[in-house]
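Secondary and tertiary structure notes
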Amino acid sequence: MAIAQVLALSSSTSSFVRTDRPKVRRAAPSRVAAAAAGATVGEPARRLVAAFDPAIPLASAVTPPSEWYTDPEFLRLELDRVFLRGWQAVGHIGQVKNPNDFFSGRLGNVEFVICRDAHGKLHAFHNVCRHHASLLACGSGQKTCFQCPYHGWTYGLDGALLKATRISGIKNFNKNDFGLLPIKVATWGPFVLARFDNFAQDTVDDVVGDEWLGSASDLLSRNGIDTSLPHICRREYIIECNWKIFAMQVFCDNYLDGGYHVPYAHGALASGLQLQSYETLTYERVSVQRCESAPAEQEDIDRLGTKAIYAFVYPNFMINRYGPWMDTNLAVPLDATRCKVVFDYFLDESLLDDQDFIDQSLKDSEQVQIEDIALCEGVQKGLESPAYGVGRYAPSVEMAMHHFHRLLHTNLCG
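The rules behind each value
Residues numbered from 1 in each chain as written. Predicted model: local features only at pLDDT ≥ 70, side-chain atom pairs only at ≥ 80, totals over all residues. Heavy atoms only, no water. Phe/Tyr/Trp six-rings, centres within 6.5 Å; stacked < 30°, edge-to-face > 60°. Helix = DSSP H or I, 4+ residues; strand = E, 2+ residues; numbered from the N terminus. Buried < 20%, exposed > 50% of the residue type's maximum accessible area, 1.4 Å probe, protein only. Arc of directions from axis to C-beta. Contact = heavy atoms within 4.5 Å. Axes fitted to C-alpha atoms, helices over the stretch in contact; angles between N-to-C directions. Parallel < 35°, antiparallel > 145°, perpendicular 65-115°, else oblique. Nonpolar A, V, L, I, M, F, W, Y, C, P; charged D, E, K, R; others polar. Pairing = 2+ DSSP bridges. Core = buried A, V, L, I, M, F, W, Y, C linked by side-chain atoms within 4.5 Å.

1. Examining the packing of aromatic side chains
- By the definition in use, this model includes 18 aromatic pairs.
- Where F191 meets F317, the ring centres are 5.2 Å apart and the plane angle is 80°; that geometry is what we call edge-to-face. One end of the pair, F191, is in strand β11 (residues 191-195); the other, F317, is in strand β16 (residues 317-322), with 126 residues separating them in the sequence.
- Taking the relative accessible area as the measure of exposure, F191 reaches 1% and is therefore buried.
- For F317, a relative accessible area of 6% gives the class buried.
- Taking the centre distance of 6.1 Å and the plane angle of 75° together, the rings of W243 and F404 count as edge-to-face. Of this pair, W243 sits in helix α6 (residues 243-249) while F404 is found in helix α10 (residues 399-413), placing the two residues 161 residues apart along the sequence.

This is how it looks when you write it as structure tokens:
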């Protein structure tokens with residue numbers, strides 16, 4: 001990948017070249033501030049939120065109405081009050097391991113870029129040129145600066161405006177007001193987190209863990225959720241279903257059903273688990289499911305290990321730790337009935353040279369994903385049918401799903 005270069009232009013060219021790098025003042029546009037503060041909620045969306053009563057005990061409760069999974073206005077409310085508030089998982093530290101590393105992403109209408117500057121400091125910015133709104137960075141890789149592909153405005157990896165081309169004659173222009181707009185960024189364990197409702201950059205990672213995971217932070221850190229596992233690969237899928245279905249019904253909803261669906265949807269996986277050992281723990285913003293594995297054949301390397309832990313971090317991030325593996329699932333809404341799901345796989349360093357084991361493990365995991373995708377898309381079609389309005393919870397296994405819906409209701413009301 002070509003590295004953009006900062007070129008100092010001569011005084012005869014009508015460009016501004018920054019050389020003194022004074023402190024940058026970044027004024028957030030009113031649209032960004034308004035989005036963070038909350039958009040006007042339409043009456044139909046308010047009615048949909050009110051249609052679910054979180055105070056009803058689990059054994060008597062009904063699930064949210066199907067419109068929670070089909071209505072575009074309801075998704076806009078979720079983006080504003082759930083995804084653009086609080087810490088969100090956006091990647092892993094292997095993507096920004098070295099100085100000048102970067103990766104870009106999108107959440108709702110927010111385009112962002114995460115980068116590490118030449119001094120090793122982690123930054124996050126709105127991935128939008130301050131000149132005429134072109135996107136700056138695409139994909140991932142290494143850059144020494146971000147140069148706009150439209151008119152060549154150039155920014156340092158600290159967000160400072162380095163060069164504004166052909167602006168001779170411009171009035172009332174202060175270069176310090178036109179740096180990239182920052183996004184709050186932090187790390188916890190191997191994960192990169194961003195917060196889109198706060199423009200301050202300084203933060204303390206230990207505090208972030210408490211804010212993001214609450215009292216589950218210690219449990220997860222003690223169960224192998226750490227930075228020592230090398231990243232193996234990434235898989236991405238576009239699924240024809242609402243994000244909550246992948247994150248709940250078969251990912252969020254389904255992921256949180258206490259293993260209810262496993263013997264019916266995942267026969268091969270079920271044979272490797274002792275489903276009677278399934279237990280569910282709920283914390284402030286995290287649900288943890290644990291399950292013991294069936295004994296492996298003596299000559300086999302055990303992919304699942306002796307005990308698996310599945311952590312759902314509200315609203316859309318899943319961490320699965322089993323045997324020598326850890327994988328994460330991130331469900332990102334695209335529209336009311338589509339989402340992108342990103343899987344990242346991490347493996348104990350001692351097995352990096354065992355390609356047969358890696359290939360077979362990824363094949364087994366892929367089979368589970370294919371089965372879940374079919375379920376997710378089937379559920380979406382059922383939710384869009386006039387035959388379905390609300391459902392019921394299985395009280396002995398679906399307490400984490402109910403916990404998720406109550407958290408979502410609280411945020412949507414706030």
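2. Structural notes on helix α2 (residues 43-50)
- When we look at burial in α2, the residues that qualify are A45, L48 and V49. The arc that holds every buried residue of α2, seen down its axis, measures 100°, which confines them to one face. Every exposed residue of α2 that faces more than 90 degrees away from the buried side is listed here: R47 and A50.
- Structurally, α2 contributes buried residues whose contacts are with α3 (72-83) and α10.

3. Details of the packing of α3 against α10
- In the contact formed by α3 and α10, the axes pass within 9 Å of each other and the chain directions differ by 85°. Of the possible angle classes, the one that applies to α3 and α10 is roughly perpendicular. Across from F74, L77, E78, R81 and V82 in α3, the residues of α10 making contact are L408, N411, L412 and C413.
- A breakdown of the residues in the contact of α3 with α10 according to their chemical character gives six nonpolar, one polar and two charged.

4. Examining the sheet that holds strand β3 (residues 101-107)
- Read across the sheet, four strands follow the order β5-β4-β3-β6 without closing on themselves; strand pairing throughout is antiparallel. Two strands bound the open sheet, and with one partner strand each, they are β5 (122-126) and β6 (140-142). The mean angle between the axes of side-by-side strands here comes to 20°, regardless of whether they run parallel or antiparallel.
- Pairing analysis gives six bridges linking β3 to strand β4 (residues 110-116), with the strands arranged antiparallel. Paired with L107 across the two strands is V110, which belongs to β4.

5. Brief notes about the packing of α2 against α3
- Contact geometry of α2 with α3 gives a least axis separation of 9 Å together with a crossing angle of 80°. The angle between the axes of α2 and α3 places the two elements in the roughly perpendicular class. Residue-level contacts link P44, A45, L48 and V49 of α2 to E73, F74 and L77 of α3.
- Among the residues forming the contact of α2 with α3, the class breakdown is six nonpolar, no polar and one charged.

6. Observations concerning the nonpolar core
- Counting 91 residues, the largest nonpolar core has I114, F191, F196, W212, I239 and F246 as the members making the most contacts within it.
- Looking at this core element by element, the count peaks at seven residues for strand β18 (residues 338-347).
- If near-sequence neighbours (up to four positions away) are discounted, W212 is found in contact with W87, A89, W188, F191, L193, R285, V313 and F317.
- The next biggest cluster of nonpolar side chains, apart from the first, holds 16 residues, and it includes V113, F125, A164 and I167.

7. Quick look at unusual backbone geometry
- Cis geometry marks the peptide bond from Y314 to P315, where omega comes out at 10°.
- By the element assignment, P315 lies in the loop between β15 (307-313) and β16.
- In this structure, R166 is a non-glycine residue whose phi angle is positive, near 55°.
- The backbone phi angle of N172 is positive, close to 55°, even though this residue is not glycine.

So, to be careful, I would describe these as geometric facts and stop short of saying anything about function.
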